[in-house]
Amino acid sequence: MMESKTSPLAGGVTWARVCKECGQCHEGQDSHLFEYQDDVDDELVCHICLQPLLQPMDTPCGHTYCFQCLSNFLHDQDFCPVDRQRLQLQQCRASSLLVRNLLDKLAVLCPFRSECQQSMQRCELQPHLHNRCPAFKRLREEAEKKKRPSWNEFKGSKSDGDLADAKSTPIARTAQLSGPSEPGLVNPAFEEGEDDTPLRSSLVAEATVVELFREDTDEDLGLRIVGGKDTPLGNIVIQEIVRDSLAARDGKLAPGDHILEVNDVSLASIPHSRAIAVLRQSCSRLRLTVMQEKGFKPRPEHLAQPSASPPSPSPNLGTVIQVTLVKRERSEPLGIKLIRKSEEPGVFILDLLPGGLAAKDGKLRNNDKVLGINGQDLRHGTPESAAQIIQASEMRVNFVVMRLPDLSEEGGEGQSRGARRVPEPQYFKRRSEYMKEPPGGFSSQEKTVSLKKEPRHSLGITIAGGRDCRSRLPVYITSVQPVGCLHRDGTVKTGDVLLSINGIDLTHLTYNEAVTVLKAQTAQNTVTLRVIQTFTDEEEQDGESSTRDQDMETLEGPKEDDINWVPLWTRWLGLPSYIHWCRDIMLMKTNSESWGFSIVGGYEESRGQQPFFIKTIVPGTPAHFDGRLKCGDEIVAVNGLTTVGMNNSSLIPMLKLQKNKVTLTVVSWPGSLV
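As annotated in an unreviewed UniProt entry, the protein chain is Ligand of numb-protein X 2b from Culter alburnus.

Below you can see the structure in the form of structure tokens.
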């Protein structure tokens, strides 16, 4: 057997020291350590560390190394360690899928051999540790029990900065929030019962490191990002994971994660546009330090209310059900077909195969939405990632699913069992009736350009958006082509929002309607175009920086995918409220639950009126299970009452008064894509 660099972990190992991926104790920058059960072929061994390859990389000269080993070596040298030929990291490529699969299938032992004698494939070690290893579970529970802050510490803080991480020392939720609590921070996620006892013992957050590796150094990560020092959110926050993207395939990041560092570059005190530039850097590996919400720790049994009942189903929020399937042998299939839907993220049950384990059990149903399997969040997962979790499971597979109500029983005609009631379009998204100012530091300016032109000459712009697109955006300009009239005039820029052409309002039109109007009006001899451009204080203070940011987010020329280009998230914040479209989101809960989101904003004497933004959505809460609220959403009204002029002392009581149901009117802009 290959000589291992590790030994069984001693009894004195702590949760803070143990690696959450390999279970061994090593420095954060060092490669993961494994105890291999059998001899490993020399062809699968790194020439630098002399251990089986991790994230194998092939050099142009035909040698293979661990990514971490090679990266560290080339940090100081510029040649291949074996034949000393000139070499740079960007010349190397990931090894073939065959090699990576062979490495993943190497048999390893659980590092906690004194309490767990399991062996498994290397790729299964991390799921084993987090879902099945008793020693790993014991370390985690001991750390949470001993060092988690008490409820009184939470109750005394107005900032959402005091959350418990895995090491359970109170950590600042935003690195820039060291010192006094930031004014205007509201926490509807932390509520108390009428008897003044805590409804939840604590909210657990954990700082972790996620490494993303890509063969194409310019491939998008598949993250939509909101926040930044120049925005009310402060932190850089993941709003959404793009389906089938690199981040979605990796499966470790989730909406709501706060990104603290990228490749050791802190994002704590830089504006949104610069953070996006850091995340878009061209490199093979991105090492992200993120803070992830882990949800509330269950309330102690002696404080639990014996009469507490599960949440009642509603048209908008289904019933959450836990189902455990027990296999007769580890390889037995469950008999479940999983699919994804085009209109909604996540994993759904398409069918239960007759005679299969799930069909015989009878608790799962077609169209159930899979929220999690064996403790792993799948709200934004894929059928492929769900299948991998099931295949890696032992005898028991624990499902958490959401079942939507049977609308046919509620009088809905023509609705199949379990189908989702689709809201009316004008209710789902409509023009906002709530007048308000943009956040501090953001503004806009209307521009009018009148041109005399030949009818056959084009304006030379491409557009996107429209009220029928997914985010119900206004129509905006994606490029100004050098051959058109507007490019010569120079007034209209990429990212400007179109207001009208020759007096015809464009702000309420769908994409196709806007194209039709623009074509018809462009045929005139005279064209008058009204647009609106947004600004940030960051640009006005630093003209050079503004130019760099503008170059970063605009296209050099027309391309086939212009229609998919959108401005940075911050570009939308300066738009006046008459262009906003809003949506109503109704949440439901029991009296003993928290709504499950935290807010930043409100009126402050020093900064004036700041809009309320969703900053955090807590796993396992009504806001989390509903799935429609996103980090970065702006709350403009609660139960139809505008939030303009409110501060935290008026909004918190309003939310607490809503014992079972609340309707939030929100404006949502798509996050910046990286």
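Can you break down the overall build of the protein chain residue by residue, with the values?
For the protein chain, the count of helices and strands is 17 helices and 35 strands. Expressed as a percentage of its 674 residues, the buried residues of the protein chain come to 53%. As presented, the protein chain carries roughly 31,300 Å² of accessible surface, and 49% of it is formed by carbon and sulfur atoms.

Account for the sheet that holds strand β2 (residues 56-58), naming residues and giving values.
Spatially, the 3 strands line up as an open sheet ordered β3-β2-β4, and their pairing is antiparallel. In this open sheet, the two strands that pair with only one neighbour each are β3 (64-66) and β4 (93-94). Direction of pairing for β2 relative to β4: antiparallel, over a ladder of 2 bridges. From the neighbouring strand, Asp58 faces β4, where its bridge partner is Arg93. Across the sheet, helix α1 (residues 67-76) is in contact with β2 and β3; its angle to β3 comes to roughly 95 degrees.

Run through the pairing of strand β29 (residues 581-588), naming residues and quoting values.
Of all 8 residues that make up β29, 8 are buried, and the element is covered over most of its length. Alternating positions in β29 separate into two faces, Trp581, Arg583, Ile585 and Leu587 on one and Cys582, Asp584, Met586 and Met588 on the other, with burial throughout. Sheet topology note: the β29/strand β34 (residues 661-667) ladder contains 6 bridges and is antiparallel. Along β34, the bridge assignment pairs Met588 with Lys661.

How would you explain the pattern of salt bridges if you had to name every residue and give the values?
Opposite charge on two side chains permits them to pair, given that their charged atoms come into close proximity. The full count for this structure, using the stated rule, is 20 salt bridges. In this structure, Arg138 engages Glu142 in a salt bridge whose closest nitrogen and oxygen atoms are separated by 3.5 Å. A residue pair is termed a helical-turn pair when its members lie 3 or 4 positions apart in one helix, as Arg138 and Glu142 do in helix α4 (residues 134-147) at 4 residues. The exposure class of Arg138 is partly exposed, given its relative accessible area of 29%. Close ionic contact of Glu219 with Arg249 constitutes a salt bridge, the shortest N to O distance being 3.0 Å. Of this pair, Glu219 sits in the loop between β10 (202-213) and β11 (223-227) while Arg249 sits in helix α6 (residues 246-250), and the two are 30 residues apart along the sequence. Judged by relative accessible area, Glu219 falls into the partly exposed class, the value being 25%.

Give me the lowdown on the side chain of Gln239, citing residues and values where you can.
In this fold, Gln239 is placed in strand β12 (residues 236-241). Within polar-contact distance, the side chain of Gln239 engages the backbone oxygen of Trp669 at 2.9 Å. With residues near it in sequence (within four places) discarded, Gln239 still touches Arg224, Val226, Pro255, Lys630, Cys631, Ser668, Trp669, Pro670 and Gly671.

If you had to explain the sheet that holds strand β6 (residues 119-121) to someone new, which residues and values would you point to?
If you trace the 3 strands from one edge of the open sheet to the other, you get β1-β5-β6, paired in antiparallel fashion. Every interior strand has two partners, whereas the edge strands, β1 (35-36) and β6, have only one. In terms of strand pairing, β1 meets strand β5 (residues 107-109) through 2 bridges, oriented antiparallel. By the bridge assignment for β5, Glu35 is matched with Leu109.

Which residues make up the nonpolar core, and what values go with them?
Among the nonpolar cores identified, the biggest contains 40 residues, and Phe34, Leu70, Cys110, Phe112, Leu129 and Cys133 are the most heavily contacted of them. Broken down by secondary-structure element, the contributors of at least two residues to this core are β3, α1, α3 (125-131) and α4. Those residues in contact with Leu70 that lie beyond four places of it in its chain are Ile48, Met57, Thr59, Tyr65, Leu87, Leu89 and Cys92.

Cut-off values and rules
- For every chain, the first residue of its written sequence is number 1, and the numbers climb from 1 along that sequence.
- It should be noted that, the model being predicted, local features are given only for residues of pLDDT at least 70 and side-chain atom pairs only at 80 or more, the latter also being counted only at that level, while totals for whole chains, interfaces and linings use all residues.
- Hydrogens are left out, water is left out, and the side-chain values use all remaining heavy atoms of the structure.
- Numbered from the N terminus, helices here are DSSP runs of H or I no shorter than four residues, and strands are runs of E no shorter than two.
- Per-residue accessibility, obtained with a 1.4 Å probe over protein chains only, is compared with the maximum for each type, and a residue is labelled buried under 20%, exposed over 50%, and partly exposed between these values.
- To measure how exposed things are, a 1.4 Å probe is used in the Shrake-Rupley method; for residues, cover is taken only from the protein chains shown.
- Strand pairing requires that DSSP identify at least two bridges connecting the strands.
- Whether two residues touch is decided by their heavy atoms; if any such pair falls within 4.5 Å, the residues are in contact.
- Where helices are involved, their axes are fitted lines through C-alpha atoms of the stretch in contact, as for all axes, and angles between N-to-C directions lie from 0 to 180°.
- One side-chain nitrogen of Lys or Arg within 4 Å of one carboxyl oxygen of Asp or Glu is enough to make a salt bridge.
- As used in this structure description, the phrase polar contact means that two N or O atoms lie within 3.5 Å; if the pair is within protein, one of them must be able to donate a hydrogen and the other to accept it, and residues adjacent in sequence are counted only when both atoms belong to side chains.
- The set of buried Ala, Val, Leu, Ile, Met, Phe, Trp, Tyr and Cys residues whose side-chain atoms join them within 4.5 Å is what this entry labels a nonpolar core.

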